[in-house]
Amino acid sequence: MAPENSLPITAHLPNGLSAVEQEIARACKQARRDPASVTLIAVSKTFDAGAITPVIEAGQRVFGENRVQEAKAKWPGLMSAYPGLALHLIGPLQSNKAKDAVALFDAIHSVDRPSICEALAREIASQKRQPQLFVQLNTGEEPQKAGVAPVDADAFIAGCREKYGLEISGLMCIPPVNDAPAPHFALTAKIAARNGLKNLSMGMSADFAVAIQLGATHVRVGSAIFGARAASSLRGA
Ligand SMILES: *Cc1c(COP(=O)(O)O)cnc(C)c1O
């Protein structure tokens, strides 16, 4: 493209993406990890296609949404316009949305109860689609938060495998907002290791470098890429 044409486009480029990529590279170097072992999930919840398109055009291919309905409204159009995108569900899943979730998402990070396991197993079988599955842990044991308590994790993972025949790929956690995240990431990594799980979905805008230090394979980064979300959308985030 001619430089004079690229100027207006550059003015709209999301400068957050390259800063996040650089910080991931720095954290990987410090942890002596291959940057290819860390997948950046650009969390686009609340942002519309107009805000997402420049991030796709800047080269980002993996995106995260926390609501099935919102993703269903936004992503089919973007996916047909840009082949090769991957979409991850990072928010809570209701059993009655399992059908839509299996149809739309390439990964689901919020497997946390038997009713979801049952609904996912049924949809995976009938749609012959196999999203990558993460069991969500509630490492802070916060009553209002989704996820399996650490003490129940081993039995829950075994149940996913044996009772529902689900292939679990890893664990996900969201540390309590006011806690230091490192102990939560370390606990998640420990539970994953003893259950033979390789993938760790942990780390958000404020703490993804710490998460990479502790083994994160998937970091979920929203505001550092897209900017701050509107206050009303922070609920449940
Ligand atoms: C919104 C959200 C993120 C991204 O949060 P930021 O602080 O904007 O990076 C990550 N994980 C989950 C589960 C979320 O809901």
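Residues numbered from 1 in each chain as written. Predicted model: local features only at pLDDT ≥ 70, side-chain atom pairs only at ≥ 80, totals over all residues. Heavy atoms only, no water.

Caption draft 1: Structural detail: the site of the ligand. Inspection of the region around the ligand gives 13 residues, with K45, S205, G222, S223 and R229 positioned closest. G222 has a polar backbone atom sitting 2.8 Å from an oxygen atom of the ligand. Protein coverage of the free-state accessible area of the ligand, which is 390 Å², stands at 93%. Residue composition of the shell around the ligand, grouped by class: 7 nonpolar, 3 polar and 3 charged. (Near = heavy atom within 4 Å. Polar contact = N/O pair within 3.5 Å; in protein donor to acceptor, adjacent residues only side chain to side chain. Areas by Shrake-Rupley, 256 points an atom, 1.4 Å probe, with all protein chains shown as cover. Nonpolar A, V, L, I, M, F, W, Y, C, P; charged D, E, K, R; others polar.)

Caption draft 2: Structural context of the pattern of salt bridges. All told, the structure shown has 8 salt bridges when counted by the stated rule. The salt bridge partner of R194 is D154, with a shortest N-O separation of 2.9 Å. Residue R194 is located in helix α8 (residues 182-194), and its partner D154 is located in helix α7 (residues 153-162); the two are separated by 40 residues in the primary sequence. A relative accessible area of 46% means that R194 is categorised as partly exposed. On the basis of relative accessible area, D154 is assigned to the partly exposed category, the value being 31%. What you see here is one network of salt bridges that share partners, running through E65, E70 and K74. (Salt bridge = Lys/Arg side-chain N within 4 Å of Asp/Glu carboxyl O. Helix = DSSP H or I, 4+ residues; strand = E, 2+ residues; numbered from the N terminus. Buried < 20%, exposed > 50% of the residue type's maximum accessible area, 1.4 Å probe, protein only.)

Caption draft 3: Spatial organisation of the side chain of R33. Secondary-structure assignment places R33 in the loop between α2 (15-30) and β1 (39-43). The buried charged residue R33 lacks any salt bridge partner; its closest oppositely charged side chain belongs to D34, at an N-O distance of 8.6 Å. If we skip the residues at most four places from it in the chain, R33 touches C28, V38, I212, G215, A216 and T217. (Lys, Arg positive; Asp, Glu negative; His and termini not counted. Contact = heavy atoms within 4.5 Å.)

Caption draft 4: Inspection of the environment of E123 at higher detail. Mapped onto the elements, E123 comes out in helix α6 (residues 114-127). In this structure the C-alpha to C-alpha distance between E123 and A101, which are 22 residues apart in sequence, comes to 9.1 Å. With near-sequence residues (within four places) excluded, E123 lies in contact with A98, K99, V102 and K128.

Caption draft 5: Region of interest: the pairing of strand β3 (residues 86-89). Covered by surrounding structure in β3 are A86 and H88 together with L87 and L89, the residues of both alternating faces. For strand β2 (residues 62-65) and β3, the ladder comprises 4 bridges, and the chain directions are parallel. In the strand pairing of β3, G64 is matched with H88. For the crossover that starts at β2, traverses helix α4 (residues 68-81) and ends in the parallel β3, the hand is right-handed. Alignment of β3 against strand β4 (residues 107-111), held across 2 bridges, turns out to be parallel. Opposite L89, over in β4, you have I108 as the bridge partner. This β-α-β element, β3 to helix α5 (residues 98-104) to β4, shows right-handed connectivity. (Pairing = 2+ DSSP bridges. Right-handed = clockwise from strand over helix to strand, strands pointing away.)

Caption draft 6: Molecular detail of the packing of helix α3 (residues 49-57) against α4. Close contact between α3 and α4 brings their axes to 11 Å; oriented N to C, the two are set at 40 degrees. Seen from above, α3 lies across α4 with right-handed handedness. On the side of α3, the interface is formed by A49, I52, T53 and I56, while α4 contributes K74, W75 and L78. By residue class, the composition of the contact of α3 with α4 is 5 nonpolar, 1 polar and 1 charged. (Axes fitted to C-alpha atoms, helices over the stretch in contact; angles between N-to-C directions. Left-handed = near helix turned anticlockwise from the far one by under 90°.)

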